[in-house]
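Structural features, examined
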Amino acid sequence: MSRGMSKCRITNTAPAAREPGATTFGDYASSSRGSSEPNAMAPAIIEKIKDHPCFSREAHLYFARMHLAVAPACNIQCNYCNRKFDCANESRPGVASDRLTPDQALRRAMAVASEVPQLSVVGIAGPGDACYDWKKTKATLMAIAREIPDIKLCVSTNGLALPEHVDELVDMNVGHVTITINMVDPKIGTEIYPWIFHDGRRYNGIDASMILHERQMLGLEMLTERGILTKVNSVMIPGVNDEHLIEVNKWVKDRGAFMHNVMPLISEPSNGTLYGLNGQRCPAPLELNAIRDRLEGATKVMRHCRQCRADAVGLLGDDRAREFTMDQLQAEATYDSGKRHAFRQLVERERLGQASEASDATTAVAAARPNETLLIAVTTKGGDKINEHFGHAKELQIFSVSHKGIGLIGHRKIDPYCLGGWGEENILDSIIDALAGIDFLLCFQIGNSPRNKLARGGVRATAAYGDAYIEQAIDALYTEHFSRRSFGDAG
Ligand code: CLF
Ligand code: SF4
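Here we summarise the structure given alongside this text. This structure is a prediction, so every number in the text was calculated from the model and none was measured.

Let's talk about the overall build of the chain
The number of helices and strands found in the chain is 14 helices and 18 strands. Look at the contacts in the chain between residues 6 or more apart in sequence, and 76% of them connect residues 24 or more apart. About 19000 Å² of surface is accessible on the chain, with carbon and sulfur atoms providing 51% of the total.

So, in structure tokens, the structure goes:
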């Protein structure tokens, strides 16, 4: 399980060009038509990522994952982790309200797969380590594969116990594995890991980090050799491994990692982690973005991670776990694939239209105009559309647009402005803080009062593109902005 989050509410601020490392459907749609675009991908890879919400940015607009918290035991200690801490309102890795047996996990998965049409992936991400707590992980994955055969299986691990289970992962048709790798220099590892438990004994200090490093590299190589798609998660810890992540990226790229996800450290003192208690700071949004920009290259850089709970359910950023607690489930679960199949057909049709429109929008912007970057915040419920009311939004997706194109650069969490039908002024103030550096806000609807206050805070908000595709709307806004037409909005 990987963990680490910040109390920083803003996760990105700096502008970037079109997210070169991230995958959009436009990218792989064109590659399937034989394009020579740099992002062109083999059809087999496209097939693996096109409905995995973490391995494809575009897929996360449509598809959901669920985590089954069956693996509470862990074989290492990270200084950013305290598994005793739990809060139903916390959204971060390692947090889980229920620890499930494999039988309970199967019931929950069948209920969610029958009710959540977007569900495409079942993952085991702790709340300890999936490969160390192997019996429960394996029993759960086998049961899911038997009862819900059309679902993708995904595992997240610290890597220490990974090598001995790689062949079983292959046998169970687990297609995606994430390894949390925070260092490739064991000296740096001593500042992150006080101990590990391996081969029946405990190791401390440099020995612990040396063994962990060797096992992580071996596991990654074995997965690559066997054709399992891998993602590496790294927790960015300022002053400890921030610059070192460049080196980590080289090592994992050389060993075939498909994607690298650098996540900000979360170090709340109230979580009781060593870092939290010692005052270790979390990275500033600009620092995080700068590292991600420097990693862009052969390995894709993930920018849409939401640092999910170990029992998360639903689209990234829209957790539905509380709808599927064990006490709400039927004693006898059955799986009905109808909703998921109907949704998939809908998405296929939608994607065909969206891909060409997004591609046209990006081409139009790239062919444009002044060398200036705009930062645009968008409220969305999914489907790549501007379809969320400003007052209901819990997060903002942040895009940059310049003559280089359009790209997602991250998201910022906010509290919903409308509570019980009324706008909360103190929440609006915090939203204005979260919008620091943003030029425009595009949403489905917004009232006059918050729109005027946002304008005084320097953010021009509009509902003029409500229900439009995001990239089309950004293209239209960019064109309008630089042709200096008046910027009107009906609210
Ligand atoms: Fe879960 Fe992780 Fe599989 Fe995704 S999450 S096990 S790869 S299905 Fe995704 Fe959540 Fe980020 Fe993880 S957004 S924390 S990267
Ligand atoms: Fe916590 Fe273990 Fe995951 Fe580290 S690997 S974050 S100690 S559960």
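Moving on from the coordinates now.
Examining the pairing of strand β12 (residues 374-378)
Here β12 lies mainly inside the structure; five of its five residues are buried. The two faces of β12 match: Leu374, Ile376 and Val378 on one face and Leu375 and Ala377 on the other face are all buried. Examined bridge by bridge, β12 and strand β13 (residues 395-402) share five bridges and lie antiparallel to one another. In the strand pairing of β13, Ile376 is matched with Phe399. In this sheet, strand β17 (residues 440-442) lies alongside β12 in parallel orientation, the contact comprising three bridges. From the neighbouring strand, Val378 faces β17, where its bridge partner is Leu442.

What about the site of ligand 1?
Near ligand 1 lie 16 residues; those nearest to it are Cys54, His67, Cys154, Cys305 and Cys308. Those elements that place two or more of their residues in the shell around ligand 1 are β1 (64-67) and β4 (152-157).

As for the side chain of Ser120
Topologically, Ser120 is positioned in strand β3 (residues 119-124). The exposure class assigned to Ser120 is buried, which follows from its relative accessible area of 0%. Engagement of the side chain of Ser120 in a polar contact is seen with the backbone oxygen of Asp51, the distance being 2.5 Å. Excluding anything up to four places from it in sequence, Ser120 contacts Asp51, Pro53, Phe63, Ala64, Ile151, Lys152, Arg340 and Arg344.

Section: the packing of helix α12 (residues 425-434) against helix α13 (residues 448-456)
The N-to-C vectors of α12 and α13 enclose an angle of 40 degrees; their axes lie 10 Å apart at closest approach. Taken together, the axes of α12 and α13 lie oblique to each other. Where α12 crosses over α13, the two elements pack in a sense that is right-handed. Where α12 approaches α13, its residues Glu425, Leu428, Asp429 and Ile432 are matched on the opposing element by Pro450, Lys453 and Leu454. For the contact of α12 with α13, the residue count by class is four nonpolar, no polar and three charged.

Some remarks on the packing of helix α3 (residues 102-115) against helix α4 (residues 134-147)
For the pair α3 and α4, interaxial distance at closest approach is 9 Å and the crossing angle is 35 degrees. For the pair α3 and α4, the sense of crossing is right-handed. Two secondary-structure elements touch here, α3 through Pro102, Ala105, Leu106, Ala109 and Met110 and α4 through Lys136, Ala139, Thr140, Ala143, Ile144, Arg146 and Glu147. Residue composition of the contact of α3 with α4, by class: eight nonpolar, one polar and three charged.

Comments concerning α4
In this model α4 runs 20 Å from its N-terminal to its C-terminal C-alpha over 14 residues, within 8% of the 20 Å that 1.5 Å per residue would give. Taken residue by residue, α4 has Trp134, Thr137, Thr140, Leu141, Ala143 and Ile144 as its buried positions. Residues of α4 that are buried make contact with α3, β3, β4 and α5 (166-171).

Let's talk about unusual backbone geometry
With omega at 20 degrees, the peptide bond leading from Gly126 into Pro127 counts as cis. As for its position among the elements, Pro127 is in the loop between β3 and α4. You will see that Asp199, though not glycine, has its phi angle at about 50 degrees, which is positive. By the secondary structure assignment, Asp199 is in the loop between β6 (195-198) and β7 (201-204). Relative accessible area serves as the criterion here: at 68%, Asp199 is assigned to the exposed category. Positive phi, normally seen in glycine, also occurs at Gln307, with a value near 50 degrees. Relative to the assigned elements, Gln307 resides in the loop between β10 (300-301) and β11 (313-314). Classification of Gln307 as buried rests on a relative accessible area of 8%.

Rules of the game
- Residues numbered from 1 in each chain as written.
- Chains lettered and ligands numbered in written order.
- Predicted model: local features only at pLDDT ≥ 70, side-chain atom pairs only at ≥ 80, totals over all residues.
- Heavy atoms only, no water.
- Helix = DSSP H or I, 4+ residues; strand = E, 2+ residues; numbered from the N terminus.
- Contact = heavy atoms within 4.5 Å.
- Areas by Shrake-Rupley, 256 points an atom, 1.4 Å probe, with all protein chains shown as cover.
- Buried < 20%, exposed > 50% of the residue type's maximum accessible area, 1.4 Å probe, protein only.
- Pairing = 2+ DSSP bridges.
- Near = heavy atom within 4 Å.
- Polar contact = N/O pair within 3.5 Å; in protein donor to acceptor, adjacent residues only side chain to side chain.
- Axes fitted to C-alpha atoms, helices over the stretch in contact; angles between N-to-C directions.
- Parallel < 35°, antiparallel > 145°, perpendicular 65-115°, else oblique.
- Left-handed = near helix turned anticlockwise from the far one by under 90°.
- Nonpolar A, V, L, I, M, F, W, Y, C, P; charged D, E, K, R; others polar.
- Expected span 1.5 Å × (residues − 1).

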